[in-house]
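# Chain and residue survey
As a plain string of letters, each chain reads:
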Amino acid sequence: MLSTLHPLPKLIVCLVWLAASIAVFDPRFQAGIVVLAALALILVERRSPLLVLALMIPFALFGFGFLTTATLFREESDFATRMAAETPFGSPAFSAGIVLFLRAIACGMVSAVFVLTTEPGRFIKALMANWRLSPRIGYALFSALHLVPDLASEAQQIRLARAMKRARTPRRIPGPVETASLVVPLLAFAIRRANRAAIAMEARGLGAASARTIVGAPQSRSADAIFVIASLALLAILFILTSVVWRAW
Amino acid sequence: MNVAFSAPEAAPAVAWREVAVRYPYATAPAVGPVSLDLRKGERLLILGPSGCGKSTLLNTVTGLVPATIPAEISGEVATLGVPAASRSPAAWSASVAQLFQDADQTLCGMTVGDEVAFALENRALPEEKIVVRVDRALDRAGVPPSWRTRRTASLSGGEKQLVALAAVLAQEAEFFIADEPTAHLSPQAAARLHAVIGGQGQTFLVVDHRLDGLIDTIDRVAIIGRDGTLIADGPPRDIFRAHGARFAQEGIWRPLASDLDRLLRGIGIALDTPPLAVSEIIADLDRRPAGDQSAAGTVIRHFLWQRIAEPAEATGQPLVTLDSAACAPLFAKPVLRDVSLQIHPGETIALLGRNGAGKSTLGATLAGLLRLKGGTRTGPAGGFAFQRPETQFTEGSARAELESIVGKGSAHVDTLLSAWRLESVATQHPFELSQGQKRRLALATLTADTRWPFLVLDEPTAGLDAAACDEIASRIAEIAAEGRAVVVITHDLDFALKTCSRGIVLDGSSVAADAPLLDILRDDRLLAGAGLATPEILRLAAWMEAAPC
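This one's a predicted model, so the numbers in the text were calculated from it and none came from an experiment. (Residues numbered from 1 in each chain as written. Chains lettered and ligands numbered in written order. Predicted model: local features only at pLDDT ≥ 70, side-chain atom pairs only at ≥ 80, totals over all residues. Heavy atoms only, no water.)

The next point concerns the sheet that holds strand 9 (residues 220-224) of chain B. Residue and element names in this part refer to chain B. Strand order in this open sheet of 6 strands is 6-7-8-3-9-10, and the pairing throughout is mixed. At either margin of the open sheet sits one strand with a lone partner, and together these are strand 6 (96-99) and strand 10 (230-234). Averaged over all neighbouring strand pairs, the angle between strand axes comes to 10 degrees, with direction disregarded. The sheet contact formed by strand 3 (residues 43-47) and strand 8 (residues 203-207) spans 4 bridges and is parallel. The residue bridging Arg43 from the neighbouring strand is Phe204, located in strand 8. On top of the sheet, helix 6 (residues 157-169) reaches strand 6 and strand 7 (175-179); it is set at about 175 degrees to strand 6, its chief contact. (Pairing = 2+ DSSP bridges. Helix = DSSP H or I, 4+ residues; strand = E, 2+ residues; numbered from the N terminus. Axes fitted to C-alpha atoms, helices over the stretch in contact; angles between N-to-C directions. Contact = heavy atoms within 4.5 Å.)

Below you can see the structure in the form of structure tokens.
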């Protein structure tokens, strides 16, 4: 359902949630955002709970860095320690670390909701149609967005070719040495891919005319307004619950 | 195919005047000097050995060379009456549609629907008009409507080529340029493209190696030699009769009928009109006396013997066995199910099917590169020649690639470079080579490696000239004679007939047929269902069986 929404109101909502996550220094608020984002993916978008948990891993690893910094290097995290002085995790340093840890996951999950429910092509079209993004920049961005899956696919081809030369089936997940050896060929591929995309776009007239039609640009519907109001209301409720009601208990 | 030839107008669509192109750091020009005219409404085919600069010449038409692809260009190129450099390559897109040799150079990585609409959006056409043109182009190219929302990066090589074709057809430009358009297309899809070229009202400039089916839609042929200069130019019937022997020496493709015509003329049987299709020769022979038919029969028997592999019985223990296998690309769902087959020593097998049927997946599975999602595979790993040859290169030069297989300093490296006509590019980085040269290098390294009990070659002839295809065919015969096996994934049924005795047809996510190749290619219903078509040479074989000689 979120996938059918106009990408730009959805982007604005996600940015507001990210800003709230950064502004509110409360672990319950951060945890609430994480839970709501996960529920949106699992219940509304029908994503596998395992996938959602797996998505949290890189953000959790990132957040764990904040947690250890706050706990072990108090001088560097003095501001955060003072902000977290009233949190319920005993030591202010550890409380600050927990908030930063949860914030990293919360920001990651809100971003994941946007990325997983927005088709890049629709997003770029919406930017060009509504925010006058230059088509040259828009399609360059578009190519960059698609480069990631293309790199993954090319990496698999190179791994197959190397496995063939070694006469054995490639491992499911490449080891660190194999991964490092893929960097240069993939860089070369990325340069060639970008060059080919530039030729393809040039040969098919990108930038030849000052005006440009955008076929199938996302149209705003009442569902987008309902989504914006509902999600901002949900954020307000979460804030009130965590900062007023919960604290009053 | 009967085609009403166009009546070219006087002003040229393209005029090359002493044009020569030299790429940065290259010691010799990639092409030229060439002087040639393409008249409006004319359909011109450019032929030549791979690496002779055909693609470079096409890229000068809209100024891609040198505006986007850096190169030093001398001489003059005028397109539709004005200097090509007077407009940007993008500005030419309204009047010139260009289909590149590599589909990734035509496609930008969007969904199929967006790709086909892209050029029309850039011209700011009304949305309703774009929708109509996109529908029409998808239909003409034979792209199923269900593909619209698929990303082009998720398509197979042949499927990408179809979408690229739809994308340039949608431009409905007055001038259509196509570089190796049928290299990865199934015979049915290639026939659809030939029908487009045979249509009226457009100017066509085509580079292609698969001539049968295409050549009778062409008004004029220009031949470029190994040195990048024009060696002949004229109507196809006259050109192939006058220069056929020289083209054969230079490794340039000729229509099948043209080769047979040359042999028949050697015994005094000359058609009044030089033939371009085997059916024309058969029609002429049918009108001749029994003596001529008998003499022709002797020549034709030898002609067929050179082009149709002998049936061979499977012997010995199987090299590799698939039992109820479910085959899938890496990290993807199975595309083939319940595949059971064996490959025996000395077998040569053609793996056939429409674009996207799962041929490459089955080939990689046979070679032991992909894990099965179900069933079992027994047997050692095999060598695999990838559809995109770049994937296989790991060294800094063509010579180093070969040395990595046969050993540094080995004299055999020079023999291989010479056999595959790569001497002149031995010190170049593999990525700097032309598509045909890259494929030759990839095949040279793979076939020189004697570790493999069997090889799988994925589209080995795509983009190759006749000499390279002959080299591959003879290597396949040698490998089979050594007791190893070869699986050839191909859309080129003439090449399949020449090299393979057994055929496997994929259709409907499984094996539709596994039988002697000749039996498969005589089964019209099977061929039609699998996107294939009867090769022209079998018409000749059928005539021989029916003729009183």
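Still more to cover.
What follows deals with the confidence of the model for chain B. When pLDDT is averaged along chain B, the result is 89; 98% of the residues meet or exceed 70. Below pLDDT 50 for its whole length, residues 1-5 of chain B participates in 15 contacts with residues either more than four positions away or in separate chains. (pLDDT = per-residue confidence, 0-100.)

This part covers the pattern of salt bridges. For side chains of opposite charge, pairing can occur when their charged atoms come near one another. Under the criterion given, the structure shown has 39 salt bridges over all chains. Between Asp26(A) and Arg28(A) there is a salt bridge; the shortest N-O distance is 3.3 Å. Here Asp150(A) and Arg151(B) are joined by a salt bridge, their closest N and O atoms 3.4 Å apart. Residue Asp150(A) is found in helix 7 (residues 135-166), and its partner Arg151(B) is found in the loop between helix 5 (127-141) and helix 6; the two belong to separate chains. Like Asp150(A), the residue Arg151(B) is buried in the burial classification. Connected through shared salt-bridge partners, Arg196(A), Asp102(B), Glu390(B) and Lys438(B) make up one network. (Salt bridge = Lys/Arg side-chain N within 4 Å of Asp/Glu carboxyl O. Buried < 20%, exposed > 50% of the residue type's maximum accessible area, 1.4 Å probe, protein only.)

Our next topic: the pairing of strand 8 of chain B. If a strand is regular, its side chains alternate between the two faces of the sheet. Residues and elements named next belong to chain B. Taken across its 5 residues, strand 8 has 5 buried, putting it largely inside the fold. Residues Thr203, Leu205 and Val207 point to one face of strand 8 and Phe204 and Val206 to the other, with burial holding for every one of them. Here strand 7 pairs with strand 8 via 5 bridges, running parallel. What sits directly across from Phe175, in strand 8, is Thr203. Between strand 7 and its parallel partner strand 8, the chain crosses via helix 7 (residues 187-197), and the hand of that crossover is right-handed. (Right-handed = clockwise from strand over helix to strand, strands pointing away.)

A few words now on the nonpolar core. Residues and elements named next belong to chain B. Core analysis: the largest hydrophobic core is formed by 100 residues, its most contacted members being Ile300, Leu362, Leu366, Leu369, Leu457 and Leu521. Setting aside residues no more than four positions away along its own chain, Leu366 makes contact with Val320, Leu322, Leu341, Ile343, Arg377, Phe454, Val456 and Val487. Leu99, Ala178, Val196 and Ala232 belong to the second-largest nonpolar core, a separate cluster that totals 51 residues. (Core = buried A, V, L, I, M, F, W, Y, C linked by side-chain atoms within 4.5 Å.)

The next thing to look at is the confidence of the model for chain A. Summarising the model, chain A shows a mean pLDDT of 85, and 90% of its residues fall at 70 or more. Predicted confidence in chain A is weakest over helix 4 (residues 78-83) of chain A, with a mean pLDDT of 59, and strongest over helix 1 (residues 7-23) of chain A, with 95.

Moving on, we come to the packing of aromatic side chains. Within a pair of aromatic rings, the relevant descriptors are the distance that separates the centres and the angle that separates the planes. Summed over the entire model, instances satisfying the criterion amount to 7 aromatic pairs over all chains. Between Phe29(A) and Phe239(A) the ring centres are 6.1 Å apart and the planes differ by 85 degrees, which places this aromatic pair in the edge-to-face class. Highlighted residues: Phe29(A) in helix 2 (residues 27-44) and Phe239(A) in helix 9 (residues 222-248), separated in sequence by 210 residues. Look at Phe239(A) and you get partly exposed, because its relative accessible area is 38%. Pairing Phe384(B) with Phe386(B) gives two aromatic rings, centres 4.9 Å apart and planes at 85 degrees, and the pair type is edge-to-face. A single burial state applies to Phe384(B) and to Phe386(B), both of which are buried. By way of ring pairs, the aromatic residues Tyr139(A), Phe142(A) and Phe118(B) are connected into one cluster. The lysine or arginine in question, Arg192(A), covers the ring of Phe431(B), its NZ or CZ lying 4.2 Å from the ring centre. Positioned above the aromatic ring of Trp147(B) is the side chain of Arg150(B), whose terminal nitrogen or guanidinium carbon lies 5.5 Å from the ring centre. (Phe/Tyr/Trp six-rings, centres within 6.5 Å; stacked < 30°, edge-to-face > 60°. Lys NZ or Arg CZ within 6 Å of the ring centre and 35° of its normal.)

Before going further, it helps to examine helix 16 (residues 466-481) of chain B. Residue and element names in this part refer to chain B. Here helix 16 spans 22 Å end to end across 16 residues, near enough to the 22 Å set by a 1.5 Å rise per residue. Burial in helix 16 covers these residues: Ala466, Ala468, Cys469, Glu471, Ile472, Ala473, Arg475, Ile476, Ile479 and Ala480. Buried-residue contacts for helix 16 involve strand 13 (348-353), helix 14 (411-419), helix 15 (435-448), strand 16 (454-458), strand 17 (485-489) and helix 17 (493-499). Phi turns positive one or two residues past the end of helix 16, at Gly483, with a value near 95 degrees. (Expected span 1.5 Å × (residues − 1).)

Our focus in this paragraph is the domain arrangement of chain B. Domain boundaries in chain B define domain 1 (12-247), domain 2 (256-307) and domain 3 (320-534). On a C-alpha basis, the centres of domain 2 of chain B and domain 3 of chain B stand 33 Å from each other. (Domains from an automatic or database assignment.)

All names here are of chain B. Spatially, 2-1-4-5 is the arrangement adopted by the 4 strands of the open sheet, whose pairing is antiparallel. Two strands lie at the open edges of the sheet, namely strand 2 (31-39) and strand 5 (82-83), each paired on one side alone. Here 7 bridges tie strand 1 (residues 12-22) to strand 4 (residues 72-79), and the two strands are oriented antiparallel to one another. What sits directly across from Val21, in strand 4, is Ile73.

What follows covers the packing of helix 6 (residues 120-130) of chain A against helix 7 of chain A. Residue and element names in this part refer to chain A. Two numbers describe how helix 6 lies on helix 7: the axes approach to 10 Å, and their chain directions differ by 165 degrees. Taken together, the axes of helix 6 and helix 7 are roughly antiparallel relative to one another. Two packed elements cross with a definite hand, and for helix 6 against helix 7 that hand is right-handed. Taking contact as the criterion, the partners of Pro120, Gly121, Ile124, Leu127 and Met128 in helix 6 are, on helix 7, Pro135, Gly138, Tyr139, Leu141, Phe142, Leu145 and His146. Its residues assigned to classes, the contact of helix 6 with helix 7 comprises 9 nonpolar, 3 polar and no charged. (Parallel < 35°, antiparallel > 145°, perpendicular 65-115°, else oblique. Left-handed = near helix turned anticlockwise from the far one by under 90°. Nonpolar A, V, L, I, M, F, W, Y, C, P; charged D, E, K, R; others polar.)

Taken together, the contact between chain B and chain A spans 52 residues of the former and 41 residues of the latter. Both faces considered, chain B and chain A share a buried interface measuring about 4,400 Å² in area, 57% of it formed by carbon and sulfur atoms. Of all residues in chain B, Glu121(B), Asn122(B) and Arg371(B) give up the largest surface area on contact with chain A, accounting jointly for 14% of the area buried on that side. Linking chain B to chain A there are 7 salt bridges. Here Arg196(A) ties to Asp102(B) by a salt bridge, and the two come within 3.1 Å at their closest N and O atoms. On the surface where chain B and chain A come into contact, there are 14 residue pairs in polar contact (both at pLDDT 80 or more). Of all the elements in the fold, those that place two or more residues in the side of chain B that touches chain A are helix 3 (103-106), helix 4 (112-122), helix 5 and strand 15 (383-385) of chain B. Of the residues forming the side of chain B that touches chain A, the biggest block, 7 residues, is contributed by helix 4 of chain B. By residue class, the composition of the side of chain B that touches chain A is 27 nonpolar, 13 polar and 12 charged. (Buried area = accessible area lost by both parts, 1.4 Å probe. Polar contact = N/O pair within 3.5 Å; in protein donor to acceptor, adjacent residues only side chain to side chain.)

Let us look at helix 10 (residues 278-286) of chain B. Those residues of helix 10 of chain B lying buried are Val278(B), Ile281(B), Ile282(B), Asp284(B) and Leu285(B). Considered in projection along helix 10 of chain B, the buried side chains sweep an arc of 165 degrees and stay on one side of the axis. (Arc of directions from axis to C-beta.)

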